[in-house]
Amino acid sequence: MLRRALRLRLGPCLSGRGLGTYRGGSTLDWDGKVSKIKKKIQSIFPGRAWSPLYDTSHLPPERSDVVIVGGGVLGLSVAYWLKRLEKQQGAIQVLVVERDHTYARASTVLSVGGIRQQFSLPENVQLSLFSAEFLRNINEYLAVVDDPPLDLQFNPSGYLLLASEEGAAIMERNVKIQRQEGAKVCLMSPEQLQKKFPWINTEGVALASYGLENEGWFDPWCLLQGLRRKLQSMGVLFCQGEVTRFISSSSHMETASGEQVTLKRIHEVHVKMDHSQEFQPVECAIVVNAAGAWSGQIAELAGVGTGPPGTMQGTKLPVEPRKRYVYLWHCPQGPGLEAPLVADPSGAYFRREGLGNNYLGSCSPTEEEEPDPGNLEVDYDFFQEKVWPRLAQRVPAFETLKVRSAWAGYYDYNTFDQNGVVGPHPLVINMYFATGFSGHGLQQAPAVGRAVAEMMLEGHFQTINLSPFLFGRFYFGEKAQEHCIL
Amino acid sequence: MAAPRASLRLVAPVWHRGTSGIRGLSKAVDPEGSQRKGRTLLQFLTDRFYDVEAVREYLLRKQVLKVQKKNRSFTYIEERYGPYVAGAYFVLKQGGAVKFRDREWMRANEQGLSSLEFRKLQEVPVEAVDASGCAINYQGLDNLLALKELQSLSLRRCPHVDDWCLGRLYHLADSLQELSLAGCPRISERGLACLHHLQNLRRLDISDLPAVSNPGLTQILMEEMLPHCEVLGADWAQGLKMGPEEQSPDAPSAPPHQAGSRPGCAERPTAHPSGSVGLTQLRGSGWAEGRRA
């Protein structure tokens, strides 16, 4: 306390002024004075922000064991599993730093909210299966005494992926892998498809895979708020601010083969407040980079990728924001209640939304037509030229439709292999990644959170082995390519 | 600064600086349900003391574990007597009733379930299960889905059957002809959407589902989805017939419009096709609002 009083680096402080002196004030503001005195007295009680010189209640704490950069579903999931798997209650202090409490540009809340097990990598299937189990039992995992149970609005309608002639063999192989991991997927021929969903035009479709259980879509905002509520009850601190700087120390070491290597360790995170130059240096032991589309910037701040290219030091985190549109339209004669989330071989997909014949859908643009990720403006011409023709060709009822609204969101796109990055960085030894999931982060968030928490607490993955997703693969060039990306 | 080690430790009501705390957040999750003006003493104590909160969390956890224990799978019985007997034992233990083929309905009596009968019933398939009011959940449904010749399933008023469970019923698609979900508090139209697998279904009862947002519209969509099935549920035309008679207690704020609108209202049901009539009933609580809209 004494040290704090003597610290010279102070923000705007009122040490020079006593209570009750106002600039040019001729009126004696008694109510204001009394409330100020009351606030000061209250802040002395245990649990409050005691700061003798000025009000710091809006700032994050001065030290925290773990700082999680990014308050989206992945960051909150890591925080949840850290608090759940800690050996003693209250052992680990966690601080979640989120730049925007309204989540206006966060990928979590702008997502279509689907969950599927139809991936090509067994690790992805396992992650989705555990996440489905988490969502199914969400009121046991995220139960808070006295608070109402969560309703995720889950639609168990499944995903229907269609494949053309070229993709049929790959689809069969993928389905075999998915079944081995325990996913319930069935393969359908074009005739069976026509019989089951008469509104589909099966021209050009050689094979279809239909997820029967644990697949569908849900409300991501509800999951996010449920996690926040539970974390608040578990004692995790939330802070609204932006991470602007990392203070770290380096140590030069030599490997067994005589190479020089520089290991870095982050000591402090500078969290800057909104609309002000005020910042708080937070001393921390571990930093988790769960900043989603902006993880690349955070990694650069920590010094990842600053070095000669071709070395581990020079390997950047290849995660960048990519803009994706989602359109909502109304089609009076469209598919009924039984419609799953249908994904065309050309990349266009759609799903039913509600009971009023409304549908959501979009298409991922090719590399050449990637829109500029500087803003979240929607391009309706993209729908006219790219999305609508493909959808109308697949579902003839969609020839008459009316677009009601649209929005855009970011994918935290991993340009290397479109799969997530988890685990510690080999050189910045206390920075852990949980990002880069390129459009399937929401559906894998609970499982990834658990894996990262296990990595932090035990040092290795215990339940699901995500070694193919470590950072080292960018340097060694080992792609863990995911083929089924929507 | 170490907190004093007392048996009741004070918890600061403000969890962290910046937002209004848990109460403020739960409003975001469930805005309608958190009008807790009269908070009970227990809730106040839970906010203030860690120990009270821990005890309540323990009791909550115990309740959840109780339901899970009821839904465990009886692997010994399944290995010994086969899937039909295991499923029947599960239902009888929960308090339901089971009907084997060519036999009467069986219910658990006070003496319990004797194993002598089961030895004779090893190869006899189960045709009907009445699990009304039982605490069956997603895990427990495993036992029922093994009954491959099940023709009639009744899950009335089951408190733990939700949309996820309905997503598993496709296993019984070949044989199931009658399904009743009336009164289940957790089932919504999203779960009902995955009943399209049950193409052999002839009778479906979806009445009195509180979580379904639009009962009339849902019934229409279910009838379209399952053309060979008779769907019993919310009678979407019921509200319309009762409309003019119910006008005075329901809409006391609009007496001047009643006299003028009543003669016109009687013609409305015949003039419009089924879809919009259902929507009109759903849109307003009384005829006055329906016409104004």
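Residues numbered from 1 in each chain as written. Chains lettered and ligands numbered in written order. Predicted model: local features only at pLDDT ≥ 70, side-chain atom pairs only at ≥ 80, totals over all residues. Heavy atoms only, no water.

The name given to chain B in an unreviewed UniProt entry is Distal membrane-arm assembly complex protein 2, with Capra hircus as the source organism. The annotation that UniProt attaches to chain B under Subunit (unreviewed entry) is "Interacts with incompletely assembled mitochondrial NADH:ubiquinone oxidoreductase complex (complex I)." Check the Function (unreviewed entry) section of the UniProt entry for chain B; it says "Required for the assembly of the mitochondrial NADH:ubiquinone oxidoreductase complex (complex I). Involved in the assembly of the distal region of complex I." (UniProt positions renumbered as here; feature names shortened; annotations may be inferred.)

As recorded in an unreviewed UniProt entry, chain A goes by FAD-dependent oxidoreductase domain-containing protein 1 and comes from Capra hircus. Regarding chain A, the UniProt comment filed under Subcellular location (unreviewed entry) reads as follows: "Mitochondrion inner membrane". One UniProt comment on chain A, placed under Subunit (unreviewed entry), says "Associates with components of the mitochondrial respiratory chain complex I."

Draft legend 1. Structural context of the domain arrangement of chain B. Residues and elements named next belong to chain B. Entries for chain B in the domain assignment read domain 1 (43–72) and domain 2 (73–235). The straight-line distance from the C-alpha centre of domain 1 to that of domain 2 is 30 Å. The interface is formed by four residues belonging to domain 1 together with 11 residues belonging to domain 2. Both sides together, the interface formed by domain 1 and domain 2 hides about 640 Å², and carbon and sulfur atoms give 48% of it. The largest per-residue losses of area from domain 1 upon contact with domain 2 belong to Lys70, Asn71 and Arg72, which jointly make up 80% of the total buried on that side. Linking domain 1 to domain 2 there are zero salt bridges. Scanning the region where domain 1 abuts domain 2 turns up three residue pairs in polar contact (both at pLDDT 80 or more). Split into classes, the residues belonging to the side of domain 1 that touches domain 2 amount to one nonpolar, one polar and two charged. (Domains from an automatic or database assignment. Contact = heavy atoms within 4.5 Å. Buried area = accessible area lost by both parts, 1.4 Å probe. Salt bridge = Lys/Arg side-chain N within 4 Å of Asp/Glu carboxyl O. Polar contact = N/O pair within 3.5 Å; in protein donor to acceptor, adjacent residues only side chain to side chain. Nonpolar A, V, L, I, M, F, W, Y, C, P; charged D, E, K, R; others polar.)

Draft legend 2. Expanded view of the sheet that holds strand β16 (residues 402–414) of chain A. Residues and elements named next belong to chain A. Ordered in space as β5-β6-β4-β13-β14-β15-β12-β16, the eight strands form an open sheet in which the pairing is mixed. Among the strands making up the open sheet, the edge pair consists of β5 (185–188) and β16. Between one strand axis and the next, the sheet turns by 20 degrees as a mean value, whatever way the strands run. Bridge count for β5 against strand β6 (residues 207–211) is four bridges, and the pairing is antiparallel. Looking at β6, one finds that leucine 187 is bridged to serine 209. Each of β4 (159–163), β5 and β6 is contacted by helix α7 (residues 165–181), which is oriented at about 155 degrees to β5, the strand it contacts most. (Pairing = 2+ DSSP bridges. Helix = DSSP H or I, 4+ residues; strand = E, 2+ residues; numbered from the N terminus. Axes fitted to C-alpha atoms, helices over the stretch in contact; angles between N-to-C directions.)

Draft legend 3. Molecular detail of the UniProt feature "domain: FAD dependent oxidoreductase" (unreviewed entry) in chain A. According to UniProt, the feature "domain: FAD dependent oxidoreductase" (unreviewed entry) maps to residues 65–455 of chain A in the numbering used here. Along residues 65–455 of chain A the backbone is 29% helical and 30% strand, and the end-to-end C-alpha distance reaches 15 Å.

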